[in-house]
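A closer look at the structure
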Amino acid sequence: MKNTALNDIHVKAGAKMVPFAGYNMPVQYAGINAEHETVRKAVGVFDVSHMGEFILKGEKALALIQKVSSNDASKLYDGKVQYSCLPNEVGGIVDDLLIYRIDAKTYMLVVNASNIEKDWDWISKYNTDGVEMKNISDRTSLLAIQGPKAAEALQSLTDIDLPSMEYYTFKKGKFAGINNVLISATGYTGAGGFEIYFDNEHAEHIWNAIFKAGEPFGIKPIGLGARDTLRLEMGFCLYGNDIDDSTSPLEAGLGWVTKFNKEFTNSVALQQQKATGVSSKLVGFEMIDRGIPRHDYPIVDEAGHTIGKVTSGTQSPSLQKAIGMGYVSSEFAKEGTEIYISIRDNKVKAVVVKPPFYK
């Protein structure tokens with residue numbers, strides 16, 4: 001198991017540590033519900049240094065990204081971030097990722113921790129034009145400072161005007177006295193905030209500076225448990241749960257990042273799928289009857305026939321009700337359709353709703 005540069009700090013803070021994607025990671029400190037509420041109402045800090053970062057550099061860097069990713073990266077400008085997918089050759093998804101345009105010839109790709117090696121190998125396979133690729137994952141720390149008070153809590157640490165930064169843009173500058181920190185107005189919580197990237201050697205200094213600056217705003221450390229409940233309330237996909245090598249971006253509702261104005265891996269087959277329609281769709285649902293949906297629970301119709309399965313589910317801390325996502329046959333995907341989750345052989349009623357669950 002690997003440790004992030006902040007491992008000792010988490011342990012000292014009393015975090016419950018669990019293995020996740022090959023790393024020891026904090027799953028909770030004070031408790032998932034309390035941490036969830038901190039992010040929704042104030043500001044919290046996640047150590048997400050387990051994520052992967054690749055630098056792609058050269059004349060043909062954009063061409064390589066266009067070849068392997070589903071979104072149109074030619075729309076990016078310096079300081080802009082884009083959400084995208086790496087489609088595989090059989091209709092599924094290798095990974096979902098963020099693409100950062102540093103300049104016209106330099107890009108940073110941020111990939112899921114569990115897929116670092118897989119993604120590297122996949123992109124390398126298509127790198128036939130000698131694009132310079134650097135895997136900086138092991139030397140890069142990443143903190144997500146999320147919540148409505150994030151900009152106020154961090155502003156004293158940098159000259160960059162944080163409140164004026166647009167969603168999905170980034171700037172590089174001095175932060176907590178450290179040069180060349182990348183500050184990104186992105187996140188996985190729907191609560192607003194920033195993600196900041198820097199070299200491991202500065203991790204402890206930056207962590208301490210953030211907590212000192214954020215103290216008047218009630219800043220707290222947050223674990224992966226609350227990260228999951230927060231992203232699920234927004235209907236954000238989690239790789240390995242809601243999307244994987246067997247799910248098409250169109251089935252997963254990611255048509256908005258699948259652009260057919262260019263050729264990319266498997267684009268012809270995906271365009272055909274778009275034309276003929278998908279047989280199953282990822283939907284959000286709220287439980288009507290009591291019961292918490294869990295990953296892989298069967299979804300059934302009124303007669304008890306299996307029509308799909310749950311991919312993510314939880315008791316929503318903000319809404320005080322059970323919510324979930326799952327794939328169902330397309331005829332059951334319409335908003336307002338009643339479906340049933342099979343929980344220990346009991347049919348428990350739910351209704352299809354359009355995410356985000358938390359508005």
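Report on the accompanying structure. (Residues numbered from 1 in each chain as written. Predicted model: local features only at pLDDT ≥ 70, side-chain atom pairs only at ≥ 80, totals over all residues. Heavy atoms only, no water.)

1. Looking at the sheet that holds strand β11 (residues 170–175)
One open sheet accounts for six strands, arranged β11-β12-β13-β10-β4-β14; its pairing is mixed. The open sheet terminates on both sides in strands that have one partner only, identified here as β11 and β14 (220–222). This sheet shows a mean twist of 30° between the axes of neighbouring strands, independent of strand direction. Across three bridges, strand β12 (residues 178–184) lies against strand β13 (residues 193–199) in antiparallel orientation. Bridge pairing links L182 to Y197 in β13. Contacts between helix α2 (residues 32–41) and the sheet are confined to β4 (44–47), β10 (140–146) and β14, with β14 contributing the most and set at about 115° to the helix. (Pairing = 2+ DSSP bridges. Helix = DSSP H or I, 4+ residues; strand = E, 2+ residues; numbered from the N terminus. Axes fitted to C-alpha atoms, helices over the stretch in contact; angles between N-to-C directions. Contact = heavy atoms within 4.5 Å.)

2. Structural notes on the environment of L76
Among the structural elements, L76 can be located in the loop between α3 (61–68) and β6 (81–87). On a C-alpha basis, the gap between L76 and Y100 in space is 8.2 Å, while along the polypeptide they are 24 residues apart.

3. Quick look at the sheet that holds strand β20 (residues 346–353)
Pairing within the closed barrel is antiparallel, and its six strands lie in the order β15-β18-β17-β16-β19-β20. Each strand axis lies, on average, 45° off the axis of its neighbour in the sheet, ignoring direction. When strand β19 (residues 338–343) meets β20, the two strands line up antiparallel, connected through six bridges. When the sheet's bridge partners are listed, S342 is paired in β20 with K347. Contacts between helix α7 (residues 224–234) and the sheet are confined to β17 (306–316) and β18 (321–329), with β17 contributing the most and set at about 120° to the helix.

4. Let's talk about the packing of α2 against α7
The contact between α2 and α7 brings their axes to 8 Å, and the two run at 55°. Between α2 and α7, the angle is such that the two are oblique. Note on packing geometry: the crossing formed by α2 with α7 is right-handed. In this structure, α2 uses I32, E35, H36, V39 and R40 to contact α7, whose residues at the interface are G225, A226, T229, L230, E233 and M234. By residue class, the composition of the contact of α2 with α7 is five nonpolar, three polar and three charged. (Parallel < 35°, antiparallel > 145°, perpendicular 65-115°, else oblique. Left-handed = near helix turned anticlockwise from the far one by under 90°. Nonpolar A, V, L, I, M, F, W, Y, C, P; charged D, E, K, R; others polar.)

5. Considering the pairing of β18
The element β18 is largely enclosed, with a buried count of eight among its nine residues. For β17 and β18, the ladder comprises eight bridges, and the chain directions are antiparallel. Each bridged residue has a counterpart across the sheet, and for G313 the counterpart in β18 is G324. Where β17 folds back onto β18 in an antiparallel hairpin, the turn is made up of four residues, including Q320, whose phi is positive at roughly 55°. (Buried < 20%, exposed > 50% of the residue type's maximum accessible area, 1.4 Å probe, protein only.)

6. As for the layout of surface pockets
Considering only enclosed or pocket space, the second largest pocket measures out at about 420 Å³ in volume. Forming the boundary of the second largest pocket are 20 residues, of which I136, R139, K172, N180 and D199 lie nearest the centre. Of all the secondary-structure elements, those providing two or more residues to the lining of the second largest pocket are β5 (52–57), β8 (106–111), β9 (132–135), β12 and β13. Sorting elements by how many residues they give to the lining of the second largest pocket places β12 first, with five residues. Of the residues in the lining of the second largest pocket, the class split is nine nonpolar, five polar and six charged. (1 Å grid on protein atoms, 1.4 Å probe; cavity = no way out; pocket = protein on both sides within 12 Å on 5 of 7 lines; lining within 4 Å. Points joined across faces, edges and corners; volume = space filled by probe spheres on them.)

7. Things to note about the environment of A191
Within the element layout of this structure, A191 appears in the loop between β12 and β13. Considered as a pair, A191 and D296 are 105 residues apart in the sequence and their alpha carbons are 28 Å apart. When neighbours within four sequence positions are excluded, A191 is seen to be in contact with V39, R40, G147 and P148.

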